[in-house]
Every structure is written in C-alpha cells, then in structure tokens.
Amino acid sequence: MDSETNTNHRTNHVPDLPSLCRFIFNNSPLPVAMAVGAKHIVRYVNPAFCFLTGKSEYELIGNTFSEILPEDECLPVLDRVYCTGEAETHTEPEHSEIKTAYWSYAMWPVLGADERPMGVMIRVTETAMFRQQAIEMNQELLLTAVRQHELIEEAERLYAQLQGEMTARKLAEEALFRAGALQRAIFNSANFSSIATDANGIIQIFNVGAERMLGYTAAEVMNKITPADISDPQEVIARAKALSLELGIPIKPGFEALVFKASRGIEDIYELTKVRKDGSRFPAIVSVTALRDAQEAIIGYLLIGTDNTARKLAEEALIRSEKLASVGRLAATITHEINNPLSSALNALFLVRTDPALPQSVKSHLTIAEQELGRVAHITKQTLGFFREVGNPTAVDLAEVLDSVLDIYGPRLRDKEITVLRSYRSKTGIRAVDGEMRQVASNILANSFDALSQGGKLHMRLFGPQAIRGARRMVRMTIADDGAGIAAENLKRIFEPFFTTKQSIGTGLGLWVTSELVKKHGGRMRLRSRLGKGTVVTIWLPMERRGQEQRTA
Amino acid sequence: MILVVDDEHALADTLALILERAGYKSTAAYSASEALMEVEKQRPDLIISDVMMPVMNGVDFAVKVSELRLGIKVLLISGHAGTQDMVEAAGSDGLSLDLLAKPVLPEDLLARVADILDSNYSV
C-alpha cells in the first residue's frame, strides 16, 4: 500500500467530534480548528477561529489549512505533528511583513484506533491579545491595590471612630475581611510579582509570582535584601541621578531611588531591568505604592512587577515594520520621480550614439555614460520591487536558468578560480516568469561570488518535486558556497531592503527583491550561513502556480 | 505607424525619434485625448503609451482604443509599481495588455516593438 492510499484510509476513519467536545470548543474564547489527513483538510472550526480568520465556517471547512493560512509558519509544525504524533507549540517570531499581530499555536494529534495520527487539533492564540490582557490585568491590579488601601483606611477609620457601636464594628470587620480576601488573591497571583518591604526596603513579602519571575524562593530574600539588590545596578544609579535632577534633592542610588516618588505620594510606574537568581535579566514594569499606618506614617512599600519582555519584542517588531513600510513608500515615490527623466536621458544618449555623424572620438565617452545610467536604471527597477512585466508564467527549466546565469559570470569565475559543482537531479519544470527566475538566480549567485575567496567552491543543486505542506509539490534548488559566510547578527536582517554589508558597492536590495520574487511565485526561501564556513540558499518553487479557479472551487 | 503617448514631452519626443531612426514612421502625443484624435487621423499599427497620465490614464485609453475595433496593438510603459494591478484588472475584463517597466532601454524597446508588430494580437 503506498502512503497516499494509506493516508486516505486513515483520514476516512476520523470520527466526528463528540458532542461534549464540540460544545466545549464552540463556547471556547480560544480559536480551535481540527485538520485531518496529510493535506490538513479542515474538518472543524469553532466560532472563535472563524472570528480570528474573518471567514465563515462554510468558507473554512473542506479547505486545506495551507489555503486558509498560506505562507504561514505554522504549516511545517502541522506537518510534524501529523507525522510524529507528538504535540507541539509554536510561537511565531516577529514578522518581516507589516503585521502588528502575531500568533502562537498549540497543536496536538488526533489519534486513531491504531494509535496513529489521523489529524491535528490546532489552537491559536494571538500574542497581541495576551499583551493586551497583561496590560489590562496590570491596570486592574493597580486599581485593586489602590482600592485595598482605601478599604483598609476606611475600616481603620470606622474601627477607631465607632469602636463602641456594634453595627459600625461589624462594618469595619467586614471591610477588613474583604480587604484580606483581596490581599490573598493578589499575593497568590502567579502572573505578577508582588513584593512588600518594610520602610527601609527589606523584603517582607515575596509572592509566588515574584518567585517564578525572579528565580528566588521567598526564604532566600525575606528579611535579607531589598528590591534594589535584584535590579540592574547601572539602572538604579541612573534612576537616582535622574530623580535627583528632576526633584532637586540628592537621592542615594539604592532602594531609595526605587521608591522615592511613591514615598512623596507621587504615583510611580517605571521600567526597570530585573536580574534573576541565575544572573539572566528581563525588562519589568514596576508600580510602587507606599504603605501607611493610621497616622499616615510610611510603614513599607508595595512593588508590583510584570514581565515586559513580550511587549518589548512586540514594540521592536512594530518599529521595524514601520521602518520598512516607510522605506518602501519612500523608495517607490523616489523611483517614480526618477524614472521619467532617466528614460528621457537614456533615449537622448541612444539617439546621439546612433547618429551616423558622430565622431568616433566621443563614442567611448558616450558608452560610459550609457552604461552608468544603465546601472541607475537597474537600481530603480530593483527598488520599484519586482515590477511584474506582463508575460504570463511559462514552463521554466531551472537547470537552464542556472547555467545561463552562470555563463554571464564566466570571467569572474575564471579570475577567482572557482570550482563549480552541479547536481541537477530534477528535470521538472516550474511555472514561472522566466526573467524573474533569472533575476533570482543572478542575485544569489552574485552574492556567492562576492563571498567566495580565491579557489572557492560553488555547488548548485536541483531536487525533484516533493510534497511540502500537504498539497503543493515543490521543486527545490540550492546554491551553496564555502565563502566568507554571514555573521549571526546580520542574518536576521538580510531580507530587509537597503540592508547591506557591502557598503558602497551594495544596494541592499538583492536579497529583498529575491525573497519577494520567490514569495510572489508561491515559493519559499531559506538562507543558512556560518561565518567562515559558507552559505546555503535553498529555494522551493511550486510546480504549478495555483490558479484563481482552484481557490474558489 | 507607431503613436507614442506620454505626458512627459521629452520622453515622448525621444521615443518617437528612436522609432523613426529604426525605420518606423512615428508621431508623439502628450495626452490621451490628443492621442485619440491622432488615432482617428492616422490609424496607427501600434500605440506605445505611458500609464500614469493626468485626465485619462493609459489603461482607460487602451480600453477606448479597443472599443474602436481598429485592430491596433498597444504597449504600455509605466514607472509606477501600482499600475500592475490596473493592467490586471483590465485583463480580467478580457483586455490583455503588454506592459514594460520604466526605464526601458532603447534596444529592449525596439526588440519588443518588433515582436509585437510580428504577432497577431491586437486590442
């Protein structure tokens, strides 16, 4: 039995969701979907999932997951869970696209009677939603803390003033009880670090959340250290300096710097890097409240902290994507403005060069001018980004593309004495715009030649069609060199427009354009590199371009 | 006869001159409406038109030309990334248009012009 038949056989026997499960999922606020078979055909979606994707149940069910979320990073995870039968979670890293929300997934297999996976349950959470929840909880907690003080104060006032009166006493006791219940709820929360100190800053209470966040047990810190001891010392010093300047009072770099504003009754929420027991660090948002007795004297401080890592990452991603968007807009505008005068200049030069009366002596100068303007034209075309010249996609032979592009680089190959290895194991054509595939190959090979040193090796490979992510069969092309490689810190930025390590000779557009072209053809691109070892670029391109008809069918 | 349409006078003029030098008879027009008058008068075999022009853009102009049913071929040239979508929209209405990205090198343009004039397709 071949694997395809086997898969169908397994898929046919996926039972319907039991009604209790269905009831629970239908009422769940978390988006859940079930996909069956190797092609991940959606069998069930709950209302939250419909809401998340903005599609109705009828539009989703019966389609493959890759049709619903094309290009999504969850698809390889989905394949793995289906193949291995082991549950996995996946959090999308920041997106290169302009997208403010990103998702995380929990996936677990649906096992058949033979204990083999027949399908996968997928739960999606929007990371941005968690951020929002965290912010809301933080605000709620702050309100609660304020309210708690009010309640305590109210109870104490009532208790003192109306001690003789039974009804009043009862009220006061009730208020105190309510305050105590709130206090317990807050201190038992594992999501917030709540640290209470005495007036000198020595930690008196260190809740579960603080233990989890900071890695210390309560016993290790209580009555021993102050919150300043688990904060970044440089930041504490900086904060003391800033406060001294702001308030005109010398403030010691230590615990005082963390609570001074709160001690003066000023509401104080700030960012501070905390240091865990193991020495690792994380950004925290800290809110400070002074605890006072009945005579308004400060008896201690309450510091409530939340881990700000996720928000920081999201902010960075947002800033990055905004930067990219503005660069793109700028590039498009400038290019447009340059193109017309550039075209006229190129035309005029052509007219002069082809004038039969032109003296031979100026011809070489003209050729230089034309070549240089040709370079400008090349850059504006790249900047304009994969401008799609009409010409329908045709059958393209990647081996022929690679070989003919390599021919162009012939002189550079010989100069550098580069050994070229070819292993083309596939004759399968892809459907693509020929010129754009040449640009892809040319951009990647140009990078390889820049990276290769004298006598280096270049290896070009083609592999036959494989089913990637279920339905789509892809041809794989790899171009590997044993050149200089790319430093780890540059790797994550190489697909950004205008990012270059080649200073004056690079436009910083090659890989960006290449990846956009590959994306446009429904393919995928991956680049792996190690400094001093070399670089491997892998590109998957679909055999057939998916047509409009298939998607609506 | 080839009619060149571009609101950039220098571009339209130089293109027309290049075509003349290559042996084609050619005229320049600086707007779609002016070009439509030339179409009536001269019945060109091919129109090379910019896309982003004031008043009437190149795609709408091509639609107008196709409605005349004179068997004229149209090649659009654009320096703006957004025009691709306009051309595709026209394509979905049954009008398939050739499009080149600015800046077009004169040699490339002449090669494309020869191809188009050899083909049977017209708007």
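This one's a predicted model, so the numbers in the text were calculated from it and none came from an experiment.

### Remarks on the packing of helix α2 (residues 32-42) of chain B against helix α3 (residues 58-68) of chain B
Helix-helix packing is described using two parameters, namely the angle between the two axes and the distance between the axes.
Residue and element names in this part refer to chain B.
Point 1. Packing of α2 against α3 brings their axes to within 11 Å, and their N-to-C directions diverge by 20 degrees. Judged by the inter-axis angle, α2 sits roughly parallel to α3. Note that α2 runs across α3; the crossing there is right-handed. Across from Ala-32, Ala-35, Leu-36, Val-39 and Glu-40 in α2, the residues of α3 making contact are Phe-61, Lys-64, Val-65 and Leu-68.

### Things to note about the confidence of the model for chain B
Point 1. Across chain B, the average pLDDT comes to 86, with 87% of residues at 70 or higher.
Point 2. With a pTM of 0.41, the predicted complex shows an ipTM of 0.84.

### Points about a nonpolar patch on the surface
Residues and elements named next belong to chain A.
Point 1. On the surface, a nonpolar cluster with roughly 350 Å² of combined accessible area is contributed by Leu-20, Phe-23 and Ile-24.
Point 2. Inspection of the secondary structure puts Ile-24 in helix α2 (residues 19-27).
Point 3. Residue classification places Ile-24 among the partly exposed residues on the basis of a relative accessible area of 49%.

### Quick notes on the sheet that holds strand β5 (residues 98-101) of chain B
Residues and elements named next belong to chain B.
Point 1. Pairing in this open sheet of five strands is parallel, and the strands run β2-β1-β3-β4-β5 from one edge to the other. At either margin of the open sheet sits one strand with a lone partner, and together these are β2 (26-29) and β5. On average, each strand axis in the sheet is tilted by 20 degrees relative to the strand beside it, whichever way the strands run.
Point 2. As paired elements, strand β3 (residues 46-50) and strand β4 (residues 73-78) share five bridges and run parallel to each other. Residue Ile-48 lies in a different strand from β4, and its bridge partner there is Leu-75.
Point 3. On top of the sheet, helix α5 (residues 106-118) reaches β1 (2-5), β3, β4 and β5; it is set at about 155 degrees to β4, its chief contact.

### Concerning the packing of aromatic side chains
Residues and elements named next belong to chain A.
Point 1. Evaluated as defined, the whole model comprises two aromatic pairs over all chains.
Point 2. When the centroid spacing of 6.1 Å and the interplanar angle of 45 degrees are considered together, the rings of Phe-49 and Phe-65 count as tilted. Linking Phe-49 in helix α3 (residues 47-53) with Phe-65 in helix α5 (residues 65-68), this pair joins segments that are 16 residues apart in sequence.
Point 3. A relative accessible area of 0% places Phe-49 in the buried class.
Point 4. Residue Phe-65 is classed as buried on the basis of its relative accessible area of 0%.
Point 5. Each ring, one from Phe-255 and one from Tyr-301, has its centre 5.7 Å from the other, and the planes form 70 degrees; the classification is edge-to-face. Separated by 46 residues along the polypeptide, Phe-255 in helix α12 (residues 255-263) and Tyr-301 in strand β10 (residues 298-307) bring together distant segments of the chain.
Point 6. Between the NZ or CZ atom of Arg-239 and the centre of the ring of Tyr-270, over which it lies, the distance is 3.7 Å.

### Focus: the sheet that holds strand β2 (residues 41-45) of chain A
By way of backbone hydrogen bonds, the strands of a sheet pair with one another, either parallel or antiparallel.
All names here are of chain A.
Point 1. The five strands lie next to each other as β2-β1-β5-β4-β3, forming an open sheet whose pairing is antiparallel. Here the strands that pair on one side only, and so sit at the sheet edges, are β2 and β3 (88-91). The sheet shows a mean angle of 25 degrees between the axes of neighbouring strands, taken without regard to direction.
Point 2. The pairing of strand β1 (residues 32-36) with strand β5 (residues 117-126) spans five bridges and is antiparallel. Of the residues in β5, the one forming a bridge with Val-36 is Gly-119.
Point 3. The strands touched by helix α6 (residues 74-84) within the sheet are β3, β4 (103-111) and β5, with β5 carrying the most contacts at an inclination of about 145 degrees.

### With respect to the nonpolar core
Residues and elements named next belong to chain A.
Point 1. In this structure, Leu-445, Phe-449, Leu-458 and Ile-539 are the most contacted members of the largest nonpolar core, which totals 40 residues.
Point 2. Taken together, the elements giving at least two residues each to this core come down to α15 (398-408), β13 (430-432), α17 (434-451), β14 (457-468), β15 (472-481), α19 (510-520), β16 (524-530) and β17 (534-542).
Point 3. Those residues within four positions of Leu-458 in sequence are excluded, and the remaining contacts are Leu-406, Ile-418, Thr-419, Val-420, Leu-421, Leu-445, Ser-448, Phe-449, Leu-452, Ile-479, Ala-480 and Asp-481.
Point 4. Core analysis: the second largest hydrophobic core is formed by 30 residues, Val-236, Phe-255, Phe-282 and Ala-284 among them.

### Here we look at the pattern of salt bridges
Between side chains of opposite charge, a pair can form as their charged atoms come close.
Residue and element names in this part refer to chain A.
Point 1. Overall, the coordinates contain 14 salt bridges over all chains when judged by the stated rule.
Point 2. A salt bridge links Asp-232 to Arg-281; its shortest N-O distance comes to 1.7 Å. On the criterion of sequence distance, the pair formed by Asp-232 in the loop between α10 (218-221) and α11 (233-247) and Arg-281 in strand β9 (residues 281-292) is long-range, its members being 49 residues apart.
Point 3. For Arg-281, a relative accessible area of 46% puts it in the partly exposed group.
Point 4. Lys-261 is paired through a salt bridge with Glu-246; the nearest N and O atoms lie 3.3 Å apart. Of this pair, Lys-261 sits in helix α12 while Glu-246 sits in helix α11, and the two are 15 residues apart along the sequence.
Point 5. A relative accessible area of 52% means that Glu-246 is categorised as exposed.

About the thresholds
Along every chain, residues carry numbers that run from 1 in the direction the sequence is written. Chain letters and ligand numbers both follow the written order, the letters beginning at A and the numbers at 1. Two thresholds apply to this predicted model, a pLDDT of at least 70 for residue-level local features and 80 or more for giving and counting side-chain atom pairs, whereas whole-chain, interface and lining totals are computed over all residues. Note that water and hydrogens are dropped before the side-chain values are worked out from all heavy atoms of the structure. Only the stretch in contact is used when a helix axis is fitted, and all axes are lines through C-alpha atoms; the angle between N-to-C directions ranges over 0 to 180 degrees. Only DSSP runs of H or I reaching four residues or more are called helices, and only runs of E reaching two or more are called strands; each is numbered from the N terminus. Between 65 and 115 degrees an angle is taken as roughly perpendicular, under 35 as roughly parallel, over 145 as roughly antiparallel, and anywhere else as oblique. Handedness of each helix crossing follows the sense of rotation of the near helix against the far helix: counterclockwise by less than a right angle gives left-handed, clockwise gives right-handed. A contact between two residues is defined here by any heavy atoms of the two lying within 4.5 Å. Across the chain, each position has a pLDDT score giving the predictor's confidence in that residue, from 0 to 100. A patch consists of residues exposed above 30% relative accessible area that lack any salt bridge, with like charges linked at up to 9 Å and nonpolar side chains (Val, Leu, Ile, Met, Phe, Trp, Tyr) linked at up to 5 Å. To be clear on the numbers: accessible area is Shrake-Rupley with a 1.4 Å probe, and residue cover counts the displayed protein chains and nothing else. For this analysis, a salt bridge means a side-chain nitrogen from Lys or Arg found within 4 Å of a carboxyl oxygen belonging to Asp or Glu. The classification of residues rests on relative accessible area computed with a 1.4 Å probe and restricted to protein chains. Under 20% of the type maximum is buried, over 50% is exposed, and intermediate values are partly exposed. A strand pair is defined by DSSP finding two or more bridges across the two strands. Ring pairs shown here join Phe, Tyr and Trp side chains whose ring centres sit within 6.5 Å, with only the six-membered ring taken for Trp; geometry is labelled stacked below 30 degrees between planes, edge-to-face above 60, and tilted in between. Two limits define a charge over a ring: the Lys NZ or Arg CZ must be within 6 Å of the ring centre, and within 35 degrees of the ring normal. To define a nonpolar core, start from buried Ala, Val, Leu, Ile, Met, Phe, Trp, Tyr and Cys residues and group those joined through side-chain atoms within 4.5 Å.

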